[in-house]
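Overview (structure and organization)
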Amino acid sequence: MISLNSELFLHHYTAGSYQIVAAEIRPCEFSQACPRNSLHAHDSFEVCFVRSGTGRYIEEQTEYALSENTLFLGRPFVKHEIILTSEEPMLLYYCNFVVTRTGTKADTSKEGQIIDRFLKQPMTIVQNCRHLNAFLPFFSTYTASGGCLSLETVSKAFLLEVMQALSPKGTPVLDAEDSFKAGVSRYLSAHLNEKITSNMLAEALNVSPRSLFYLFKKNFGSTPVQYINQTRISSAILYLRMGFSITQVAALLGFNEVSAFSRTFKKCMGVSPREY
């Protein structure tokens, strides 16, 4: 487990009712001499933007294709790996960060609403994020020349742009070429804060309810309901560690009642959210 606290330089930003603690935004190159990093996890979000080249991102046995202008996200405590897939190097910029809520009231600020949407269930990968290239000359030249006064302002703006890009926008999340695992992951990423039934998931994945049950058992070793609940509880653990209240977490994850959330949490984890 790689900890954000191991970073030498951390920046602290206020955004609405949230605090962001982030490492420096840095370049990283994958080449024939170093074509992959090892399977690993962080105690923070890790966002990466592909400046050039091609590769693969692997997260929990699901693979995603990487190419120029691809933005992708590593979730806290989830093992992942990046692999080069061409002879040409792949250059990406990356940053690790955590978000903590400092207030309990609804956040109506623009920055707070961006973070709210991101935290509900961020997307894993987004293609064609060309607008993020506008930030890269600043990070490569301004900091190299010793500048620091504007660094935090631009870095905060970059992270907010990233969180906005990775937030579900209500557009279709599946296409005909998706693998089953990738299709499930993308659907849950966009709808985890809503009521999800097996029939709704079967329709989105274009399979029958009976086939859905079989495919879940084959790919995940659990029923659709068990997998959805476990995914929700994994997100709940992250929210609780960020300082969200039990009531807030229940609402963020689509539970109509706190008691229903607490029962599901205890069934999955063996203890109640309060005991956890």
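Just so it is clear, the structure is predicted and the values come from calculations on it, not from any experiment.

So, unusual backbone geometry
A negative phi angle characterises most non-glycine residues, just as the trans form characterises most peptide bonds. The residue Asn69 is not glycine, and still its phi comes out positive at about 75°. Its place among the elements puts Asn69 in the loop between β6 (62-66) and β7 (71-74). For Asn69, a relative accessible area of 6% corresponds to the buried category. Unlike most non-glycine residues, Phe77 shows phi in positive territory, near 65°.

Points about helix α5 (residues 198-205)
When we look at burial in α5, the residues that qualify are Leu201, Ala202 and Leu205. Summarising the axial view, the buried residues of α5 lie within an arc of 100°, below the 170-degree limit, and thus occupy one face. Counted as exposed and oriented over 90 degrees from the buried face of α5: Asn199 and Glu203. Residues of α5 that are buried make contact with α4 (180-191), α6 (209-220) and α7 (224-241). Of the residues trailing α5, Asn206 is marked for its positive phi of about 60°.

A closer look at the pairing of strand β9 (residues 90-101)
For β9, the tally of buried residues reaches nine of twelve residues, placing the bulk of the element in the interior. Here five bridges tie strand β2 (residues 18-23) to β9, and the two strands are oriented antiparallel to one another. Counted as the bridge partner of Gln19 is Thr100 from β9. Relative to β9, strand β3 (residues 26-30) runs antiparallel, the two sharing five bridges. For Glu29, the partnering residue across the bridge sits in β9 and is Leu91.

Notes on the confidence of the model for the chain
Chain-level pLDDT for the chain is 84 on average; 88% of the residues reach the 70-or-more range. Segment residues 170-177 is flagged for pLDDT under 50; beyond a separation of four residues in sequence, or across chains, it makes nine contacts in the model.

The rules behind each value
Residues numbered from 1 in each chain as written. Predicted model: local features only at pLDDT ≥ 70, side-chain atom pairs only at ≥ 80, totals over all residues. Heavy atoms only, no water. Helix = DSSP H or I, 4+ residues; strand = E, 2+ residues; numbered from the N terminus. Buried < 20%, exposed > 50% of the residue type's maximum accessible area, 1.4 Å probe, protein only. Arc of directions from axis to C-beta. Contact = heavy atoms within 4.5 Å. Pairing = 2+ DSSP bridges. pLDDT = per-residue confidence, 0-100.

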